[in-house]
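# Reading the structure
Each chain, written out:
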Amino acid sequence: MAVIEARGIRKAFGTTMALDGVDLGVEEGRIVGLIGPNGAGKTTALNAILGLTPYQGQLTVLGRDPWTARAQLMRDVAYIADVAVLPRWIRVSQLLDYAGGVHPRFDRDKAEGFLARTAIKHNARVRELSKGMVTQLHLALVMAVDARLLVLDEPTLGLDILYRKRFYDALLNDYFDQSRTILVTTHQVEEIQDVLTDVVFINRGRIVFASSMEQFESRYLEVVVRPDRLAAARALRPIHERQMLGKSILLVEGADREQLAALGEVRKPSLADLFVAVMETQGAPP
Amino acid sequence: MNYGALLWSVRRELWENRSIYLAPLIVAAVIALASFGAVRHNLQPATMASHDAIVAGALMGTTLLVAIFYCLDALYGERRDRSVLFWKSMPVSDWTAVLSKMAVPMIVLPVITFVLTIVTQLIMLLAASAYLSAHGRSAAALWQLPWLQMTSGMLYHLVTVHSLYYAPLFGWLLLVSAWAKRQPFLWAFLPLAAIGVIEKIVFNTTHFAVMLGSRLSGGMDADPAKGSGMMMLWPSHPFEFLTRPGLWIGFALAAICVAIAVRLRRYRDPI
């Protein structure tokens, strides 16, 4: 079943089109990475999905219109909008009390379990916690919600690499299962490559690339071409070419692995490489 | 409407804004101490009664000030610190959120004022009685003051004026709080002053200023049953105020303001 169905979503800020006809379908049980340069429309797209901003076009999330039914939708959707949104005055215990009070799907014991693994004290106020601890706290809260869709907007922004690694480990091991769906945006493409099941690139308010990771891995190959084979390799119409240490690295779509091996060393491209290739053919955002 | 979510939302307002109970508590403590100091010199029942009226008046004034500042920050502060994004991630509707904030000046603060006034008056009475007894004098005259009338009069004034009659004021402040990108205090009061000034210059009348003054004074000026001085009395016709058009016009204005505030909370982005 489709968790998110978007058709022609548009959203303008003044004369700027933040979203310029976004079509997006996300199925249950997927972990989708929404990746794009600054100002591409990532956060606006997430805000529309979460009912935080009005939009034009058709959008249903878990069968509901997020703009008109935000409160009901939030029983089944959890999100972390940004690391800094937990109110700074609140105590950890008050946060747990409040979530337990207003959220029918919040499991306090589960949240306590996550917190027990951290150094966060119950009587501490959010303003007294370090940036990493605030993220851990917020993550403990959202992971204790039995949500069908979890939306994470730059969840690891400003955290050191140790926290970022733990964050995604916890997400995969303690939270994710086939009945849940996760939508995540991040700048750190390489970091989430192994976590994702699907990837979507957004640029200038449009979806410019969407694929499952399986498809991505079987369709795209990178070949490090020796100079004398460059002409032959270019005949395969690579979607991107870059130079590194005097060698040409070509990103090729849908080519035969054997054929490529004759031209040079074949390797798996990273999402970051494909991202750069797609963005360069699209042109950078204004 | 989900009443559990509403109650938790009110509770969270008290967690965030401790001045809701701390400010009146401090004022009550100061007046009680001052009163006890004064009582030692000249202890007449009339003195005691005037001190009681001072307690009631000061606490009402304090909680009105708290209410004004609370309302101005209620929907502004959460956008400024972006915590509104967290509150909106909970299954709590914008109606519930705004109504819980409206409930603080209309219900929570009057209840706190009422309970704290009675408790303070009782403490003052007990302390004065203990002082008199310790000095071998009778405190009986103090206990014969018209306590019931004073308390019921205060309750009447709290419910009719501080809750019901001020509703449009609180609604307006919440609306500005939901709308302003900066300086909600100025946006709340300058337009009102501007309307008064423009009316005076253009039409040479003062209807708006008079209306505003009547609203803030509780619209009770025409009530002959109102006690003199600071004494608030239970009126001879307690439900007469329900027949005043001003009350219902105020409710309508309050409802419009709240509805707009709810809509603004949905549309407005964090600052």
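In every chain, residue numbers begin from 1 and rise along the written sequence. Written order decides the labels, with chains lettered from A and ligands numbered from 1. Confidence filtering applies because this is a predicted model: local features only for residues at pLDDT of at least 70, side-chain atom pairs given and counted only at 80 or more, and all residues used for totals across whole chains, interfaces and linings.

Pairing of strand S8 (residues 198-203) of chain A with strand S9 (residues 206-212) of chain A involves six bridges; the strand directions are antiparallel. Note that in S9(A) the partner of A:Asn203 across the bridge is A:Arg206. Any two strands with at least two DSSP-identified bridges between them are counted as paired. In DSSP terms, a helix is any run of H or I states spanning at least four residues, a strand is any run of E spanning at least two, and both are numbered starting from the N terminus.

We now examine the interface of chain A and chain B. Two residues qualify as a contact pair if the distance between their C-beta atoms, derived from the backbone, is within 7 Å. Tallying the contact residues gives 23 residues for chain A and 18 residues for chain B. Put simply, the parts of the chain that give the side of chain A that touches chain B at least two residues each are helix H2 (70-73), strand S5 (77-80) and helix H3 (92-102) of chain A. With four residues, the single largest contributor to the side of chain A that touches chain B is H3(A). Taken together, the residues of the side of chain A that touches chain B sort by class into 15 nonpolar, four polar and four charged. Put simply, Ala, Val, Leu, Ile, Met, Phe, Trp, Tyr, Cys and Pro go in the nonpolar bin, Asp, Glu, Lys and Arg in the charged bin, and everything else, Gly too, in the polar bin.

Residue and element names in this part refer to chain B. Look at helix H1 (residues 3-16) against helix H6 (residues 94-134): their axes get within 9 Å of each other, and the N-to-C directions meet at 60 degrees. One way to sum up the angle between H1 and H6 is to call them oblique. Relative to H6, H1 is oriented so that their crossing is right-handed. In this structure, H1 contributes Ala5, Leu6, Ser9, Val10 and Glu13 to the contact, and H6 contributes Thr96, Ala97, Leu99, Ser100, Lys101, Ala103, Val104 and Val108. Of the residues that constitute the contact of H1 with H6, the class distribution is eight nonpolar, three polar and two charged. For helices, the fitted axis covers only the stretch in contact; all axes are lines through C-alpha atoms, and the angles between them, taken along N-to-C directions, range from 0 to 180 degrees. Roughly parallel means an angle under 35 degrees; roughly antiparallel means over 145; roughly perpendicular covers 65 to 115; every other angle is labelled oblique. Each crossing gets its hand from how the near helix is turned against the far one by less than a right angle, where anticlockwise is left-handed and clockwise is right-handed.

A word on the nonpolar core. Nonpolar cores are built from buried Ala, Val, Leu, Ile, Met, Phe, Trp, Tyr and Cys residues. These are joined into a set through C-beta atoms within 7 Å. Buried residues are those with 20 or more other C-beta atoms within 10 Å of their own C-beta, exposed residues have 12 or fewer, and partly exposed residues lie in between; C-beta atoms are placed from the backbone. Core analysis: the largest hydrophobic core is formed by 142 residues, its most contacted members being A:Val77, A:Val151, B:Phe170, B:Leu174 and B:Ala261. A domain assignment, automatic or from a database, supplies the domain bounds used here. No fewer than three residues from each of domain 1 (79-145) and domain 2 (216-282) of chain A sit in this core. Not counting residues within four places of it along the chain, the set of residues in contact with B:Phe170 comprises B:Ala67, B:Cys71, B:Met102, B:Pro105 and B:Met106.

Before going further, it helps to examine the domain arrangement of chain A. Assigned domains of chain A: these are domain 1 (79-145) and domain 2 (216-282). When each unit is reduced to the centre of its C-alpha atoms, the spacing between domain 1 of chain A and domain 2 of chain A is 45 Å.

With that settled, consider the sheet that holds S5(A). Residue and element names in this part refer to chain A. With respect to topology, six strands assemble into an open sheet ordered S5-S6-S7-S3-S8-S9, the strand pairing being mixed. In the strand order of this sheet, the two ends are held by S5 and S9, each with one partner. Direction aside, neighbouring strands of the sheet carry axes that sit 15 degrees apart on average. By the bridge criterion, four bridges tie S5 to strand S6 (residues 149-153) in an arrangement that is parallel. Residue Ile80 lies in a different strand from S6, and its bridge partner there is Leu152. Sheet contacts for helix H11 (residues 271-282): strand S3 (31-35), S8 and S9; angle to S8, the most-contacted strand, approximately 30 degrees.

Looking now at the sheet that holds strand S10 (residues 220-225) of chain A. Residue and element names in this part refer to chain A. Ordered by their spatial adjacency, four strands build an open sheet running S11-S12-S10-S13, and the pairing between neighbours is antiparallel. The open sheet has two free edges, formed respectively by strand S11 (240-244) and strand S13 (264-267), since each of these has just one partner strand. Pairs of neighbouring strands in the sheet enclose a mean axial angle of 25 degrees, with direction left out of account. Contacting S10, S11 and strand S12 (247-253), H11 crosses the sheet at an angle of about 80 degrees to S12.

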